[in-house]
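This is what each chain is made of:
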Amino acid sequence: MIDGPKRLLLQLMIVLAICGTGRLAYATEAGGDGVDQPAAKAALLKAYPGLFTISGNVLTWTDGTTMVWDDGKARDAEALLESPDIEDMFRYVYPTAAEGALVPAEDFDPGRIRNEAFFEKLYGASAAEVGKHIANVQWLPKLAKKTVQVTRIFGINDRLGKVSDALEAMPAELSRYGLKPGGGFVWRPIAGTDRLSVHSFGAGFDINVGFSDYWYNNRNKADPKAHIPFKNRIPLEIVELFEKNGFIWGGRWYHYDTMHFEYRPELLLYKKPG
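An unreviewed UniProt entry lists the protein chain under the name M15 family metallopeptidase, with Mesorhizobium caraganae as the source organism.

What follows is the structure, given as structure tokens:
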């Protein structure tokens with residue numbers, strides 16, 4: 001017969017074994033960084049159909065180019081921005097407008113993490129390549145009478161046109177947010193970095209510079225590591241119009257850019273079970 005202390009030790013070992021198995025199962029299904037691998041791969045394939053396949057840890061484009069899905073490297077928030085693999089783009093689940101007004105947690109940046117090589121394959125690796133697909137969109141043609149430029153790839157120009165039509169039909173207290181757009185396509189790095197802005201690919205759009213709030217302008221200049229207070233003036237009704245057409249909103253980021261929208265259907269499709 002097992003005495004009390006030995007019985008207690010045996011029970012503890014069983015519990016630890018079960019918990020350890022559970023952690024291993026989670027790491028296998030969801031990835032050690034919390035990404036649900038099957039869900040992320042399915043979202044990417046559905047967002048950009050027919051352009052590539054994903055088998056195991058390799059993404060293969062139709063021209064034969066291969067990319068590593070997950071390089072296995074652990075990355076902090078800064079490294080996620082500077083050198084993410086493709087899987088890292090799904091590190092955070094994007095919360096849609098339907099979830100209401102939210103204040104992003106520190107370093108929660110769903111969409112700011114972009115594997116640049118992946119986007120260069122989607123849209124072009126130079127201003128000249130991207131420029132071949134740029135189209136003019138009449139933005140709020142009756143109210144703002146502006147012309148903005150975005151890519152035709154994935155019908156982004158038509159999608160933005162639908163947003164424009166819907167916004168122009170809204171009451172004046174909402175449509176006014178689109179009267180001074182900040183623009184779309186421009187080949188440039190993100191300010192203060194060597195990383196290309198998604199505007200470089202013609203897949204980004206800034207709705208109104210007059211109602212913009214940007215994290216960099218609201219940071220504590222004396223203490224760069226201090227918490228950044230969240231600010232926003234863009235109504236969620238407008239955000240919802242963009243999301244219906246495949247765009248995510250920079251107002252869901254801790255490092256927020258509230259006038260910014262970009263075409264990222266994969267993040268709208270990606271949901272982790274439970």
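There's more to say after this.
Novice: So what exactly am I meant to see when it comes to the overall build of the protein chain here?
Specialist: Tallying secondary structure elements over the protein chain gives ten helices and eight strands in all. Classification of the 274 residues of the protein chain by burial places 47% in the buried group. Restricting to contacts in the protein chain with at least 6 residues of sequence separation, those with at least 24 account for 62%. Of the roughly 13,900 Å² that the protein chain leaves accessible, carbon and sulfur atoms contribute 57%.

Novice: Sorry if this is basic, but what is going on with helix α6 (residues 156-168) here?
Specialist: Over its 13 residues, α6 extends 18 Å from the first C-alpha to the last, a length consistent with the 18 Å expected when each residue adds 1.5 Å. Those residues of α6 that sit buried are I156, N157, L160, G161, V163, S164, L167 and E168. For α6, the angular spread of buried residues about the axis comes to 160°, placing them on one side. Facing away from the buried side of α6 by over 90 degrees, the exposed positions are D158, K162 and D165.

Novice: Can you walk me through the packing of aromatic side chains in this structure?
Specialist: The relation between two aromatic rings is expressed through the spacing of the ring centres and the mutual angle of the planes. Inspection of the entire model under this criterion finds 24 aromatic pairs. The ring of Y216 carries the charged tip of R219 above its face, separated from the ring centre by 3.6 Å.

Novice: Explain helix α4 (residues 116-123) here, please?
Specialist: Because each turn of an α-helix spans 3.6 residues, side chains separated by three or four positions end up pointing in the same direction. Those residues of α4 that fall on the buried side of the exposure criterion are F118, F119, L122 and Y123. Here the buried residues of α4 occupy an arc of 110° about the axis, which is enough to place them on one side. One or two residues past the end of α4 sits G124, with phi positive at roughly 130°.

Basis of the calculations
- Residues numbered from 1 in each chain as written.
- Predicted model: local features only at pLDDT ≥ 70, side-chain atom pairs only at ≥ 80, totals over all residues.
- Heavy atoms only, no water.
- Helix = DSSP H or I, 4+ residues; strand = E, 2+ residues; numbered from the N terminus.
- Buried < 20%, exposed > 50% of the residue type's maximum accessible area, 1.4 Å probe, protein only.
- Contact = heavy atoms within 4.5 Å.
- Areas by Shrake-Rupley, 256 points an atom, 1.4 Å probe, with all protein chains shown as cover.
- Expected span 1.5 Å × (residues − 1).
- Arc of directions from axis to C-beta.
- Phe/Tyr/Trp six-rings, centres within 6.5 Å; stacked < 30°, edge-to-face > 60°.
- Lys NZ or Arg CZ within 6 Å of the ring centre and 35° of its normal.

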